[in-house]
Amino acid sequence: MARAVTQQRKMINTAAAWGIGLLIFFPILWTILTSFKTEATAIADPPVFLAFDWTLENYTAVMERSNYAKFLWNSIIIAGGSTLLGIIVAVPAAWSMAFVPSKRTKDILLWMLSTKMLPAVGVLYPIYLICINLGLLDSRVALVFILMLMNLPIIVWMLYTYFKEIPGEILEAARMDGASLKEEILHVLTPMAIPGIASTLLLNFILAWNEAFWTLNLTAANAAPLTAFIASYSSPEGLFFAKLSAASTMAIAPILILGWFSQKQLVSGLTFGAVK
């Protein structure tokens, strides 16, 4: 029998959850607040939390100095393209490992995961030379493929875990009804794994969106995403904390909106499923 939870225990758990959540969110909140301060207030000691003169001059300066829309569009194309391409490659791979495993399947999965242990700087030089020889330096195409390959092990592992939870008898029934391999994956497996695929898409989109190492080393102006946009506010003269915070807030705003929208859709879907 389930243990009864007292009202006091519920209140303590709720307060602890809110405390941990606020602690994790505090750096983002502080960045947002700093973006509305003057440079003098941003470096004040002791720090000023709310009692300051709010200003939009940092956002004005950032918009006048940089083409924010171009950086944003590059980030959307690079993050979205690498994530979608990774899903296209990973779904058949995860399907074969989950439903048609071989004696080497676990070894392959571990090998794929081990590639994430290699520091990115270890392969920077050869990839840089490849991009130069193929004419793909400062190109969104190169970043889409590089980020897709970088995150592919994570995509395959996540989808493999979700696919393993689907009963194989359902796929066998589809085969007995005459479904081809393509129809089995598209019309049987994929609809059942939509929650897992959606979670994988969101996580890898965020990973690609936040990627800074490759974007800073392989782009200059044409394909530079928001990570390069933020880095441009670090200069030899020092850090302009207020303007840097404004640029960071503009860069994380799309992800915060996407996260809020995804949460709303997920809650609506779960509620609809429960009612149904």
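Criteria and thresholds
Residues numbered from 1 in each chain as written. Predicted model: local features only at pLDDT ≥ 70, side-chain atom pairs only at ≥ 80, totals over all residues. Heavy atoms only, no water. 1 Å grid on protein atoms, 1.4 Å probe; cavity = no way out; pocket = protein on both sides within 12 Å on 5 of 7 lines; lining within 4 Å. Points joined across faces, edges and corners; volume = space filled by probe spheres on them. Helix = DSSP H or I, 4+ residues; strand = E, 2+ residues; numbered from the N terminus. Nonpolar A, V, L, I, M, F, W, Y, C, P; charged D, E, K, R; others polar. Buried < 20%, exposed > 50% of the residue type's maximum accessible area, 1.4 Å probe, protein only. Lys, Arg positive; Asp, Glu negative; His and termini not counted. Salt bridge = Lys/Arg side-chain N within 4 Å of Asp/Glu carboxyl O. Contact = heavy atoms within 4.5 Å. Core = buried A, V, L, I, M, F, W, Y, C linked by side-chain atoms within 4.5 Å. Phe/Tyr/Trp six-rings, centres within 6.5 Å; stacked < 30°, edge-to-face > 60°.

Draft legend 1. Quick look at empty space enclosed by the protein. Inspection of the entire model under this criterion finds one cavity of 30 Å³ or more. Ser75, Ile78, Ala79, Ala208, Trp209, Thr215 and Pro225 together form the lining of the largest cavity. Mapped onto the lining of the largest cavity, the elements with two or more residues apiece are helix H4 (68-99) and helix H10 (194-210). No other element matches H4, which puts three residues into the lining of the largest cavity. Residues that form the lining of the largest cavity fall into these classes: five nonpolar, two polar and no charged.

Draft legend 2. Quick peek at the side chain of Glu211. One can find Glu211 in the loop between H10 and helix H11 (213-218). Buried charge without a salt bridge: Glu211, with Lys116 as the nearest opposite-charge side chain at an N-O distance of 7.1 Å. Excluding anything up to four places from it in sequence, Glu211 contacts Leu147, Met150 and Thr227.

Draft legend 3. Local environment of unusual backbone geometry. Omega for the peptide link from Asp45 to Pro46 comes to 5 degrees, which places this bond in the cis form. Tracing the sequence through the fold places Pro46 in the loop between helix H2 (39-42) and helix H3 (57-65). A positive phi angle, near 60 degrees, is found at Asp138, a position not held by glycine. Secondary-structure assignment places Asp138 in the loop between helix H6 (124-133) and helix H7 (140-164).

Draft legend 4. Examining the nonpolar core more closely. Membership of the largest hydrophobic core comes to 31 residues, with the highest contact counts inside it found for Trp214, Leu226 and Phe229. Elements represented by at least two residues in this core include exactly H3, H4, H6, H7, H10, H11, helix H12 (226-231) and helix H13 (241-275). If you tally residues by element for this core, the top one is H13, at six residues. Those residues in contact with Trp214, other than ones at most four positions away along the chain, are Ala120, Val123, Leu124, Ile127, Leu143, Ile146, Leu147, Met150 and Thr219. Among the nonpolar cores identified, the runner-up in size contains 25 residues, and Ala98, Phe99, Ile166 and Leu171 belong to it.

Draft legend 5. View of the packing of aromatic side chains. If you walk through the whole model with that rule in mind, you get ten aromatic pairs. Aromatic pair Phe36 and Trp54: ring centres 5.4 Å apart, planes at 40 degrees, arrangement tilted. Taken together, the residues span a long stretch of sequence, with Phe36 in the loop between helix H1 (7-34) and H2 and Trp54 in the loop between H2 and H3 at a distance of 18 residues. Ring centres 5.6 Å apart and planes at 35 degrees place the aromatic pair Phe205 and Trp209 in the tilted group. Residue Phe205 and its partner Trp209 are both found in helix H10; the two are separated by four residues, about one turn of the helix. By relative accessible area, Phe205 is classed as buried at 16%. Linked through ring pairs, Phe36, Phe52, Trp54 and Tyr59 together constitute an aromatic cluster.

Draft legend 6. Structural context of the pattern of salt bridges. Inspection of every chain in the model, using the stated rule, returns two salt bridges. Its salt-bridge partner being Lys243, residue Glu39 comes within 3.7 Å of it at the nearest N-O pair. Residue Glu39 is located in helix H2, and its partner Lys243 is located in helix H13; the two are separated by 204 residues in the primary sequence. Taking the relative accessible area as the measure of exposure, Lys243 reaches 25% and is therefore partly exposed. Among the ionic pairs, Arg104 bridges to Asp107, the shortest N-O distance being 3.3 Å.

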